[in-house]
Amino acid sequence: MTDTMRRSRVKWLKPLLEVPMRDAFARLDGMDQRKLRATVRAMESCTRTNCWWGEYQAAHVLLPICRRRLRPNA
């Protein structure tokens, strides 16, 4: 399971960290619901012990924003 979640963090969270924050918000706006749900799952899997500190901090900043953009029951 950890390898799967690590791969999902690399696929969904790491690209958001490599761009300025305004571009990350623009990317989140452009995501469809499936990709946004995958990004939320990847962010939720971040803990202090299993990922880089910057990923952990970014996940805590971006996670509430992503959750607000998800449609309920989508």
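Heads up: the structure comes first, above all this text.
Residues numbered from 1 in each chain as written. Predicted model: local features only at pLDDT ≥ 70, side-chain atom pairs only at ≥ 80, totals over all residues. Heavy atoms only, no water.

Asks: Residues and numbers for helix α3 (residues 33-44), please.
Replies: Its 12 residues give α3 an end-to-end C-alpha distance of 16 Å, which sits within 8% of 16 Å, the value for a rise of 1.5 Å per residue. What α3 keeps buried is the set Gln33, Leu36, Ala38, Thr39, Val40, Ala42 and Met43. (Helix = DSSP H or I, 4+ residues; strand = E, 2+ residues; numbered from the N terminus. Expected span 1.5 Å × (residues − 1). Buried < 20%, exposed > 50% of the residue type's maximum accessible area, 1.4 Å probe, protein only.)

Asks: So, the pattern of salt bridges: which residues are in play, and what are the values?
Replies: Inspection of the entire model under this criterion finds two salt bridges. Residue Arg69 is joined to Asp29 by a salt bridge in which the shortest nitrogen-to-oxygen separation is 3.1 Å. One end of the pair, Arg69, is in helix α4 (residues 53-69); the other, Asp29, is in helix α2 (residues 21-30), with 40 residues separating them in the sequence. Its relative accessible area of 52% is what places Asp29 among the exposed residues. (Salt bridge = Lys/Arg side-chain N within 4 Å of Asp/Glu carboxyl O.)

Asks: Got a sec to walk through the environment of Arg68? Specific residues and values, please.
Replies: Along the chain, Arg68 falls in helix α4. For Arg68, a relative accessible area of 65% gives the class exposed. Between the alpha carbons of Arg68 and Ala42 there is a distance of 16 Å; along the sequence they are 26 residues apart.

Asks: Summarise a positive patch on the surface; cite the residues concerned and give the values.
Replies: Residues Lys11, Arg34, Lys35, Arg37, Arg41 and Arg71 make up a contiguous surface patch of positive charge. Looking at the positive patch, the element that brings in the most residues is α3, giving four residues. Note on placement: Lys35 falls in helix α3. (Patch = residues over 30% accessible without salt bridge, like charges linked within 9 Å, V, L, I, M, F, W, Y side chains within 5 Å. Areas by Shrake-Rupley, 256 points an atom, 1.4 Å probe, with all protein chains shown as cover. Lys, Arg positive; Asp, Glu negative; His and termini not counted. Charge placed at Lys NZ, Arg CZ, Asp CG, Glu CD.)

Asks: An account of the packing of α2 against α4 is requested, with residue identities and associated values reported.
Replies: Relative orientation of the contacting elements α2 and α4 amounts to 25°, with a least axis distance of 11 Å. Judged by the angle between their axes, α2 and α4 are roughly parallel. Every pair of crossing elements has a handedness; the one defined by α2 and α4 is right-handed. Residues Met21, Phe25, Leu28 and Asp29 of α2 form the contact with α4, whose participating residues are Leu62, Ile65, Cys66 and Arg69. Counted by class, the contact of α2 with α4 contains six nonpolar, no polar and two charged residues. (Axes fitted to C-alpha atoms, helices over the stretch in contact; angles between N-to-C directions. Parallel < 35°, antiparallel > 145°, perpendicular 65-115°, else oblique. Left-handed = near helix turned anticlockwise from the far one by under 90°. Contact = heavy atoms within 4.5 Å. Nonpolar A, V, L, I, M, F, W, Y, C, P; charged D, E, K, R; others polar.)

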